[in-house]
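Chain and residue survey
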Amino acid sequence: MALSGHCMCGAVTWTYSGSVTRNLVCHCADCQRATSSPFTAFLGMRLEQINWSGDITHYESSPGTFRGFCPSCGTRLYFRSDKWPSEVHVHAATMTDPAEYRPDAQVLMRSRAKWLDRLQSIPAHDGFQQAPKRR
Ligand SMILES: [Zn+2]
Ligand SMILES: [Zn+2]
């Protein structure tokens, strides 16, 4: 399998040739905080089969756990932990075609945002909501 991706500004790119080890959605509190989002989605990749280009800044979010991001645009790129030394978890949203992503597991459900249960019943718009409701 050949996959590729990039950050928002394009300064960092990645290519991967190999089998994906995980396709998981993470609901943990650290991912929520780190990505400023209710959850994030990862592709597990073998460290020696991914090629990065561009400068990446690392943040050690807990001992032995590193989160990489583009220092120009701030896009989150990956999660890596000493717990899984041969793997890197790349944020699926950075894929060249994120529509190709097929998650097959959700993890850390205990910290899943409660309002996600209501997602199907929240009014939805194709474009950005034009006129927010006045209260
Ligand atoms: Zn960037
Ligand atoms: Zn997480």
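Up top is the structure these notes are about.
Anyway, here's the lowdown on the structure attached to this text. What you see is a predicted model, and the numbers here were worked out from it, not measured in a lab. (Residues numbered from 1 in each chain as written. Chains lettered and ligands numbered in written order. Predicted model: local features only at pLDDT ≥ 70, side-chain atom pairs only at ≥ 80, totals over all residues. Heavy atoms only, no water.)

Applying the stated criterion across every chain yields a total of three salt bridges. The salt bridge involving Glu87 is made with Arg22; its shortest N-O contact spans 2.7 Å. On the criterion of sequence distance, the pair formed by Glu87 in strand 9 (residues 87–91) and Arg22 in strand 3 (residues 22–26) is long-range, its members being 65 residues apart. Glu87 sits in the buried class, given a relative accessible area of 11%. One salt bridge connects Arg112 with Asp117, and the closest N-O pair in it is separated by 2.6 Å. Residue classification places Arg112 among the partly exposed positions, given a relative accessible area of 21%. (Salt bridge = Lys/Arg side-chain N within 4 Å of Asp/Glu carboxyl O. Helix = DSSP H or I, 4+ residues; strand = E, 2+ residues; numbered from the N terminus. Buried < 20%, exposed > 50% of the residue type's maximum accessible area, 1.4 Å probe, protein only.)

With that out of the way, let us pick up the coordination of the zinc ion (ligand 2). Taken together, Cys26 (SG), Cys28 (SG) and Cys31 (SG) make up the full set of protein donors to the zinc ion (ligand 2), lying 2.2 to 2.3 Å away. Linear spacing of the donor residues for the zinc ion (ligand 2) on their chain is C-x1-C-x2-C. Accessibility expressed as a relative area gives 16% for Cys28, which makes it buried. Cys31 gets classed as buried once you look at its relative accessible area, which sits at 2%. (Donors = N, O, S within 2.8 Å, 3.2 Å for Na, K, Ca; no water.)

The pairing of strands in a sheet comes from backbone hydrogen bonds and takes either a parallel or an antiparallel form. Strand order in this open sheet of seven strands is 6-7-8-9-4-3-10, and the pairing throughout is mixed. At either end of the open sheet lies a strand with only one pairing partner, and these are strand 6 (57–62) and strand 10 (105–107). Neighbour-to-neighbour, the strand axes of this sheet turn through a mean angle of 30 degrees, independent of strand direction. Here strand 8 (residues 76–81) pairs with strand 9 via two bridges, running antiparallel. If you follow Tyr78 over to strand 9, its bridge partner there is Val90. (Pairing = 2+ DSSP bridges. Axes fitted to C-alpha atoms, helices over the stretch in contact; angles between N-to-C directions.)

One pass over the full model with this rule turns up three aromatic pairs. Ring centres 6.0 Å apart and planes at 50 degrees place the aromatic pair Phe42 and Phe79 in the tilted group. With Phe42 in strand 4 (residues 40–46) and Phe79 in strand 8, this residue pair connects regions lying 37 residues apart in the sequence. Given a relative accessible area of 13%, Phe79 falls into the buried group. Judged by centre distance (6.3 Å) and plane angle (50 degrees), the ring pair of Phe79 and Trp84 falls under tilted. (Phe/Tyr/Trp six-rings, centres within 6.5 Å; stacked < 30°, edge-to-face > 60°.)

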